[in-house]
Amino acid sequence: MTGLAQRRGACPALSAPMQTGDGLLVRLNPVAVGLPTAALIGLCESAARHGNGIMEITQRGSIQIRGLTPESALLLTEDVNALGISVRTGVPVETSPLAGIDPDEIADPRPLAEAIRTAVESAGLSRRLGPKVSLVVDGGGRVGMGALLADVRLTAVRREQETYWHLAVGGTADTARPVGLFAKADAVATTLETLKAIAALGREGRGRNIVAGYTPTPNPSPQGGGESHDSQAAPDGRNDGADLSPSSLLGGVARLPPLDSASPLGTFPLANATHALGIALPFGSMPAETLAALARAAADLGATEIRAAPGRTLLLLGPAAESAATLQAKAAALGFVTDAADPRLFIAACPGAPACTSAHMGTRPLAEQIAQQDADLLDGSFTLHVSGCAKGCAHPGTAALTLVGGENGAGLVVNGTAKTLPAGYASRYDAARGIGRVAALVETERRPDETAAACLARLGAVAIATAFAEG
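Residues numbered from 1 in each chain as written. Predicted model: local features only at pLDDT ≥ 70, side-chain atom pairs only at ≥ 80, totals over all residues. Heavy atoms only, no water.

J.: What should I look at first to understand the packing of helix 1 (residues 37–50) against helix 2 (residues 70–82) in this one?
T.: Describing two packed helices takes the angle between their axes plus the distance from one axis to the other. Helix 2 packs onto helix 1 with a crossing angle of 165 degrees between their chain directions and a minimal axis gap of 10 Å. Between helix 1 and helix 2, the angle is such that the two are roughly antiparallel. The handedness of the crossing between helix 1 and helix 2 is right-handed. Counted together, Leu-43, Ser-46, Ala-47, Arg-49 and His-50 of helix 1 and Ser-72, Leu-75, Leu-76, Asp-79 and Val-80 of helix 2 form the full contact between these two elements. Each residue belonging to the contact of helix 1 with helix 2 can be placed in one class, and the counts come to 5 nonpolar, 3 polar and 2 charged. (Axes fitted to C-alpha atoms, helices over the stretch in contact; angles between N-to-C directions. Helix = DSSP H or I, 4+ residues; strand = E, 2+ residues; numbered from the N terminus. Parallel < 35°, antiparallel > 145°, perpendicular 65-115°, else oblique. Left-handed = near helix turned anticlockwise from the far one by under 90°. Contact = heavy atoms within 4.5 Å. Nonpolar A, V, L, I, M, F, W, Y, C, P; charged D, E, K, R; others polar.)

Rendered as structure tokens:
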């Protein structure tokens, strides 16, 4: 083990755990994407022995184990090796956990992702890029990758019988700046040039830092593909008038038409004639023993593999269609989220007190209480962020509403982050009732067909904070 990653923003790999308020944190991304049920059971047992018994699935689909000490982190590493779990290292190049077996995907992203990994290693870029630099190669399909931030993102586009890759930098699918449309070989070359430009900015460089005025100039590949770059094509092969030509894309005025992505929750068929069951961890967290119980039930009902997926979800692969319903009911009984309308899906909550010593309040019991009492407010149009302190680990970006613990009690931030000065305060024990008062205000003022997010934006911070703090 190389030591502890104390600096915020570092990635807590198995070889370099990160110090957090509840001990050391380790993040795992298996090379094989998923884990056999027996391996996951063993990992849960190891987490219970050596950590604080809490396991998490992150928004990006990584496995996290919390509450480790320097000594127990070494023991966890030994267990991971004994279980035969190989973990990814180097610059993350992320693909859908169903890549290659998703019947709805536009193209299998794995060959392009592997070509990029090889090129990055050959160029020696892994040690030059910062620890948070990441890439997404999105082939489309059941598991949406569009919400993930990425320094470089490539999205499959199908034109007639050919696949091209839409390359954009510095953001999500909605916010990243388009660069161009490329055949596979040119996509690899352009990605490499883009990463070199990021590396030239130093270890703090990110894709967003090179957005303004940036145009990569890779050497064209022998395979070319340029003759098709001036075509108009939607990702599903329809010509819908969206201009995807390099000249338009480089001007930043054209983006891909939105990719529809079904919920990964529920039972659905795979291309290899098997089925998958998607479930979610409430707030991305579960006791290790509960996760192990799910894995045992999955094995008994024919599941052979469990894959972590974006959105704090798990995909259980292999059960027969008739067994999947039984497994889904078992998962629900254990406390997992099995319904895409479950309000817990729309709350981001950190471990909170007492698990994290940085936290000023308990978060997940509070989030559970809000989910039960204010389901109508949590309609999926926004994320409610419940943060134990101002660091905002569970949801670093802007949220319509953020409950944050502090020395003054529970603060409510409107359209900001946990670091933003709260618009109003309530005592910690009254925080859930405060959100209930906001929910009542929205219910009263909401217009027909208006989302909760739109209503909150119209009401404004003063009215929301007044409702929250009164009582």
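Having put the structure on the table, let's press on.
J.: Would you explain the pairing of strand 11 (residues 266–269) in this entry?
T.: In the case of a regular strand, side chains alternate between the two sheet surfaces. Side-chain alternation along strand 11 places Gly-266 and Phe-268 on a buried face and Thr-267 and Pro-269 on a face that remains uncovered. Two elements, strand 11 and strand 12 (residues 275–280), share 4 bridges in a ladder whose sense is antiparallel. Paired with Thr-267 across the bridge in strand 12 is Leu-277. Count of turn residues in the strand 11/strand 12 antiparallel hairpin: 5 residues, of which Ala-273 carries a positive phi of about 70 degrees. (Buried < 20%, exposed > 50% of the residue type's maximum accessible area, 1.4 Å probe, protein only. Pairing = 2+ DSSP bridges.)

J.: Where do I start with the sheet that holds strand 5 (residues 63–68) in this structure?
T.: Strand pairing within a sheet occurs via backbone hydrogen bonds; the two strands may be parallel or antiparallel. Pairing within the open sheet is antiparallel, and its 5 strands lie in the order 1-2-5-4-13. Every interior strand has two partners, whereas the edge strands, strand 1 (18–20) and strand 13 (285–287), have only one. Averaged over all neighbouring strand pairs, the angle between strand axes comes to 30 degrees, with direction disregarded. Here strand 4 (residues 54–57) pairs with strand 13 via 3 bridges, running antiparallel. For Met-55, the partnering residue across the bridge sits in strand 13 and is Met-286.

J.: Just checking my understanding: could you explain the pattern of salt bridges for this structure?
T.: Close approach of charged atoms lets side chains of opposite charge pair. Taken as a whole and assessed by the stated rule, the structure comprises 18 salt bridges. Glu-114 is the salt-bridge partner of Arg-117, the closest N and O atoms lying 3.1 Å from each other. With Arg-117 and Glu-114 both in helix 3 (residues 110–122) and 3 residues apart, the pair spans about one turn of that helix. With a shortest N-O distance of 2.5 Å, Asp-379 and Arg-446 are connected by a salt bridge. Of this pair, Asp-379 sits in the loop between helix 8 (364–373) and strand 17 (384–387) while Arg-446 sits in the loop between helix 9 (431–445) and helix 10 (452–459); the two residues are 67 residues apart in sequence, bridging distant segments of the chain. For Asp-379, a relative accessible area of 33% gives the class partly exposed. By relative accessible area, which is 27% here, Arg-446 ends up partly exposed. By sharing partners, the salt bridges in this structure join Asp-22, Glu-56, Arg-66 and Arg-364 into a single network. (Salt bridge = Lys/Arg side-chain N within 4 Å of Asp/Glu carboxyl O.)

J.: Looking at this structure, I do not really get helix 1. What am I missing?
T.: Since the α-helix advances by 3.6 residues per turn, residues separated by three or four positions end up pointing in the same direction. For helix 1, which comprises 14 residues, the first-to-last C-alpha distance of 20 Å matches the rise-based estimate of 20 Å (1.5 Å per residue) to within 8%. The buried count for helix 1 comes to 10 of 14 residues, which makes it a mostly enclosed element. Those residues of helix 1 that sit buried are Thr-37, Ala-39, Leu-40, Ile-41, Gly-42, Leu-43, Cys-44, Ser-46, Ala-47 and His-50. (Expected span 1.5 Å × (residues − 1).)

J.: Where do I start with the sheet that holds strand 11 in this structure?
T.: Taken in spatial order, the 5 strands make up an open sheet running 3-14-15-12-11, and their pairing is antiparallel. The strands lining the two open edges of the sheet, one partner per strand, are strand 3 (34–36) and strand 11. Strand-to-strand, the axes of this sheet are offset by a mean angle of 25 degrees, without reference to chain direction. The strands touched by helix 6 (residues 288–300) are strand 12, strand 14 (305–309) and strand 15 (313–317); relative to strand 15, the strand with the most contacts, the crossing angle is about 20 degrees. Across the face of the sheet, helix 7 (residues 321–333) comes into contact with strand 11, strand 12 and strand 15 while running at roughly 10 degrees to strand 12.

J.: Where do I start with the nonpolar core in this structure?
T.: Soluble, globular proteins show a tendency: their nonpolar side chains are buried together. Residues Leu-43, Met-55, Leu-294, Leu-314 and Leu-316 are the most contacted members of the largest nonpolar core, which totals 39 residues. Here this core takes 7 residues from helix 6, the largest share from any one element. Those residues in contact with Met-55, other than ones at most four positions away along the chain, are Leu-43, Cys-44, Ala-47, Ile-63, Gln-64, Ile-65, Leu-281, Gly-284, Ser-285, Met-286, Ala-288 and Leu-291. (Core = buried A, V, L, I, M, F, W, Y, C linked by side-chain atoms within 4.5 Å.)

J.: What am I meant to see in helix 3 here?
T.: Taking 1.5 Å per residue as the helical rise, helix 3 with its 13 residues ought to reach 18 Å, and the 18 Å between its terminal C-alpha atoms agrees with that figure. Listed as buried for helix 3 are Leu-112, Ala-113, Ile-116, Arg-117, Ala-119 and Val-120. The buried residues of helix 3 occupy an angular sector of 165 degrees when the element is viewed end-on, so they sit on one face. Next to the buried residues of helix 3 lie strand 6 (93–94), strand 7 (135–138), strand 8 (150–159), strand 9 (162–171) and helix 4 (184–199). Residue Gly-124 follows helix 3 closely and has a positive phi angle near 70 degrees. (Arc of directions from axis to C-beta.)

J.: What's the story with the environment of Gly-141 in this structure? I'm lost.
T.: The residue Gly-141 is located in the loop between strand 7 and strand 8 in this model. For the pair Gly-141 and Glu-105, spaced 36 residues apart in the sequence, the C-alpha separation amounts to 3.9 Å.

J.: Explain the packing of helix 9 against helix 11 (residues 461–469) to me, please; I cannot follow it from the model alone.
T.: Interaxial distance between helix 9 and helix 11 falls to 7 Å at its minimum, and their mutual angle equals 135 degrees. Between helix 9 and helix 11, the angle falls in the class oblique. With respect to the hand of their crossing, helix 9 and helix 11 are arranged in right-handed fashion. For the pair helix 9 and helix 11, the contacting residues are Ala-431, Gly-434, Ile-435, Arg-437, Val-438 and Leu-441 in the first and Ala-463, Ile-464, Ala-467, Phe-468 and Ala-469 in the second. For the contact of helix 9 with helix 11, the class distribution of residues is 9 nonpolar, 1 polar and 1 charged.

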